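Listed below, chain by chain, are the residues.
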Amino acid sequence: MASYKVDMYKIQGILLSLLFNANILYLFSMPPGIVNALITVMLFAAFFVSDWRQIFFHISTKISWLAGVIIVFLSYGCISLFFSPSLFGFSLFFKYLVITGIVYIASQQPIRSMQMFVAFTIILNVLLGIISIANLDFVRANDTVNYLTITYALGITFIICFIKSIDARKWKVLFIALTILIFAAMLRYPSRGTLLFSIFTCLFYLLYISRRSLKFKIIVFFILVIATVTLIYVWNQYLVDSYLAYRFRLLFQQIDEESRILLYKDVLGLIREHWFFGTGIGNSGILLADDPRVYPHNIFLESCLVMGLVGLFSFTLIVLLSLRTSIRSMQWGHLGVIFLFALLFGLLTYQKSFASWYWHYLFMFAGVSAALLKQNRAHVNFSLYTLKKTKETGTDRTAARWNSERSR
């Protein structure tokens, strides 16, 4: 009788994807708090089952720059809770800790888990895209669904499919079709930022591959032609009178009175008053609009407002070190490229939308970039050690074969 072994790392990849795309579950009347908590508990349990030996018996005393900065950020965040204690602030700090744990788990995943994370994200968002195009009222009917996080996940999937439509050796036509489908679904929602920044991120990717061969440039040209024709068709058919089109017109006509611009002015005024220590976690919304759920819609402004200079400096270092790790992971191929441009999309989007309690959407890709970098470095170090041993024992034929395989 055939036996099937459960791959806990692939399960972790699926759970990471479910956390990232939990809105697909909210569509079916599942309560967000319970869903997120349940998936998170399952993720931590799956990680403990597969890595409990490493957690307890392979603890390293060496600490990285990134880990050190995160500790400083969280420590001062904990201190800032007591500036003006609130239940919202304490629950928010607890969520910071959970997000840190989720990103740490993402940074420990092997290749097969990362591949499952990307594949499952594509599947979930293609399903969400089809639902959005076919019956948007089904999405609107559920008040627990956040259209910002929906369009963010769709934007990430748009970027992934766009990169795959250029890089993939097989299924190019399929990924081109999926890119168009996801883009059409994004046009159904009123989010300007995620739409624009996903396009900007793809343009950055085109600049990245500009030194590629003539074949790549021809493929990119036809993709752009198809995307342009599709955009014109979609705009003429059902977008020109939509709320999204109205918001774009409003943005260009009244930019000085744009609500986000007015919000940023209020935030800057509060930062001048609380520039050194900050307002403390959970208090910025009270000062801005007498509502703890209100946030500055810019991660750097929020860090500075909430935790002053310490928060701004440490958070900026976290972002820069995450970018450094992601850029280094690019040398290890297709996944590294996807993770870097997904992180870039997040950084762009978080300058106009989202708050700190959504940070797992942003830093999850920094985590898997770190995992990819660590996996490949470990493989290279092991291979170099093997080569050294074969040379010491005189097995030059094995060493020569290893060299030829490495050169390929």
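Conventions adopted
- As a convention, each chain's residues are numbered from 1 in the sequence order in which they are written.
- Residue-level local features of this predicted model are given only where pLDDT is at least 70; pairs of side-chain atoms are given and counted only at 80 or more, and the full residue set underlies all totals for whole chains, interfaces and linings.
- Processing note: side-chain calculations cover all non-hydrogen atoms of the structure and skip hydrogens and water entirely.
- Every helix listed is a DSSP run of H or I at least four residues long, and every strand listed is a run of E at least two residues long, numbered separately from the N terminus.
- Relative accessibility thresholds used throughout: buried, under 20% of the residue-type maximum; exposed, over 50%; partly exposed, between the two (1.4 Å probe, protein chains only).
- In this description, contact between two residues means that some pair of their heavy atoms is separated by no more than 4.5 Å.
- pLDDT is a per-residue confidence score from the predictor, ranging from 0 to 100.
- A pair is scored as a salt bridge if a Lys or Arg side-chain nitrogen falls within 4 Å of a carboxyl oxygen belonging to Asp or Glu.

**What about the overall build of the chain?**
Counting its regular elements, the chain contains 18 helices and zero strands. The 408 residues of the chain split such that 49% are buried. Pairs at least 24 apart in sequence give 77% of the contacts found in the chain among residues at least 6 apart.

**Considerations on the confidence of the model for the chain**
Confidence in the prediction of the chain, expressed as mean pLDDT, is 82, and 81% of residues score 70 or more. Confidence over residues 382-387 falls short of pLDDT 50; this stretch has six contacts with residues more than four positions distant or in other chains. In this model residues 396-408 is a low-confidence stretch, pLDDT under 50, and it forms nine contacts with partners more than four residues away in sequence or in other chains.

**What about the side chain of Thr149?**
Note on placement: Thr149 falls in helix α8 (residues 147-167). Exposure remark for Thr149: the relative accessible area of 4% places this residue in the buried category. With near-sequence residues (within four places) excluded, Thr149 lies in contact with Asn23, Phe354, Tyr358 and Tyr361.

**Some details on unusual backbone geometry**
Even without glycine at this site, Trp171 takes up a positive phi of about 60 degrees. Backbone geometry places Asp290, a non-glycine residue, at a positive phi of 60 degrees. Secondary-structure assignment places Asp290 in the loop between α14 (284-289) and α15 (299-329).

**What about the pattern of salt bridges?**
All chains considered together, the criterion is met by three salt bridges. Ionic pairing is found between Arg112 and Asp7, a salt bridge with its closest N-O pair at 2.7 Å. Note that Arg112 is positioned in helix α6 (residues 111-134) and Asp7 in the segment before α1 (8-20), a separation of 105 residues in sequence. Exposure remark for Asp7: the relative accessible area of 23% places this residue in the partly exposed category.

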